[in-house]
Amino acid sequence: MKPFTYARAVDAADAVRLSGAPDARYLGGGTNLVDLMRETIELPAALIDVTGLSSTIEERADGGLLIGAATKNTAVAEHRAVRSRYPALSRAILSGASGQIRNMATVGGNVMQRTRCAYFYDAAGSRCNKRDPGQGCDATDGFNRMHAILGTSPSCAATHASDMCVALAALDAIVHLSRASGERTLPLTDLHRLPGDRPDVETVLEPGELITAVELPALPLAKRSTYRKVRDRASYAFALVSVAAALEVRRGTVADVRLALGGVAPKPWRAWKAEEALRGQPATEESFRAAADVELAEARPLRDNGFKVELARRTITAVLSELNGARA
Ligand SMILES: Cc1cc2nc3c(=O)[nH]c(=O)nc-3n(C[C@H](O)[C@H](O)[C@H](O)COP(=O)(O)OP(=O)(O)OC[C@H]3O[C@@H](n4cnc5c(N)ncnc54)[C@H](O)[C@@H]3O)c2cc1C
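Residues numbered from 1 in each chain as written. Predicted model: local features only at pLDDT ≥ 70, side-chain atom pairs only at ≥ 80, totals over all residues. Heavy atoms only, no water.

A. Quick peek at the nonpolar core. If you look at the biggest cluster of nonpolar residues, it comprises 39 residues, and the most contacted ones within it are Val-76, Leu-89, Val-111, Leu-168, Leu-188 and Leu-216. In this structure, Leu-216 is in contact with Gly-64, Leu-65, Ile-67, Tyr-86, Leu-89, Leu-168, Leu-171 and Ala-173, ignoring residues within four places of it in sequence. Among the nonpolar cores identified, the runner-up in size contains 29 residues, and Val-243, Val-264, Ala-283 and Ala-312 belong to it. (Core = buried A, V, L, I, M, F, W, Y, C linked by side-chain atoms within 4.5 Å. Buried < 20%, exposed > 50% of the residue type's maximum accessible area, 1.4 Å probe, protein only. Contact = heavy atoms within 4.5 Å.)

What follows is the structure, given as structure tokens:
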């Protein structure tokens, strides 16, 4: 590991000011960043500890929530209002990593965590356009069973690893940001970029821009939301496919729906096309499968991950059927 300086930010303005140092990085729980430093994939000259920033979950009068970026993943998953009003978020977080990691990991760090593509981590032996732009990608012709089927480019097919972000994408979450020129908000679905020919640029954040909070707008149908993660073993594994969904059915017809996918794309994948195809349709397994087909029509599997198309179709159909059966 290269030497680095360490400073603990007292508030968001202090963090943004400190981030002006060359090669500075924010440090949340460190559960991803420190591993990347050990592997010499990230070599920051300065670490700005942002765990002292807001870690409260504020309940808004309209029923929405404002979650401080330093809130631990465990605290979000266990919060009474999250469990009752946004159960998909609680389930998504609890399906990720381990209890110990969730106790350390922060909301801001989870949103900004980097891919788990094995070729990205293999700095000594593999080519990776995300790690070294222009170098090439050994995943394309390599072992790509875990890789993305939607939103990929010839440069990169690495998936976004976060479970939490898939639920946030489905629940219309808004990210609150702070930078030298002021504050702004963005829908979470607009924060992460698709790789195109610059897979190293993963978000639309400016250098030094800080996540200060994640807002969950009031969303009555989110009460009936869930998250299902399909993976190789029951715990401590990243998603092959995951689905976050919320469903409102009136008199047998889909009145409203939210749907997002994980494990299949370089960013948390909001299934806008499937949602559009479903609204106003009969709430039946046939409609759910047809909507999944609309979303997956543009899937471009690699050699080893074609199974994800059928797995995603079945998981979407099963999750929506489960939510439909649960209404009463
Ligand atoms: C063994 C293992 C298994 C895992 N399994 C899963 C899993 O199944 N599902 C899953 O979703 N995740 C999984 N994870 C990933 C885990 O969720 C992340 O490591 C964690 O959420 C990162 O949070 P952190 O606070 O520790 O981030 P850090 O490691 O501190 O930071 C991560 C990145 O975010 C940036 N950052 C931190 N805070 C901010 C901020 N406020 N604003 C802007 N940028 C910021 C940092 O600069 C860094 O680039 C696993 C991790 C490990 C080690």
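B. Representation of the sheet that holds strand S11 (residues 253-262) in the model. Pairing is antiparallel across the open sheet formed by four strands, whose spatial order is S9-S10-S11-S12. Whereas interior strands pair on both sides, the edge strands pair on one side only; in this sheet they are strand S9 (225-230) and strand S12 (269-270). Inspection of the sheet shows S9 paired to strand S10 (residues 241-250) by six bridges, in the antiparallel sense. Bridge pairing in S10 places Arg-228 opposite Val-243. (Pairing = 2+ DSSP bridges. Helix = DSSP H or I, 4+ residues; strand = E, 2+ residues; numbered from the N terminus.)

C. Layout of the site of the ligand. Around the ligand, the surrounding shell holds 32 residues, and the nearest of these are Tyr-26, Gly-28, Thr-31, Thr-106 and Asp-163. Contacts to the ligand include Ile-211, whose backbone N or O atom sits 2.9 Å from a nitrogen atom. Ala-237 is positioned such that a nitrogen or oxygen atom in its backbone is 3.5 Å from an oxygen atom of the ligand. Mapped onto the shell around the ligand, the elements with two or more residues apiece are strand S2 (24-27), helix H2 (33-38), helix H7 (107-112) and strand S8 (210-216). Element by element, the count of residues in the shell around the ligand is highest for H7, at four residues. Of the residues in the shell around the ligand, the class split is 14 nonpolar, 13 polar and five charged. There are two domains that each give the shell around the ligand at least three residues, and those are domain 1 (5-51) and domain 2 (224-325). (Near = heavy atom within 4 Å. Polar contact = N/O pair within 3.5 Å; in protein donor to acceptor, adjacent residues only side chain to side chain. Nonpolar A, V, L, I, M, F, W, Y, C, P; charged D, E, K, R; others polar. Domains from an automatic or database assignment.)

Geometry only, nothing functional implied.
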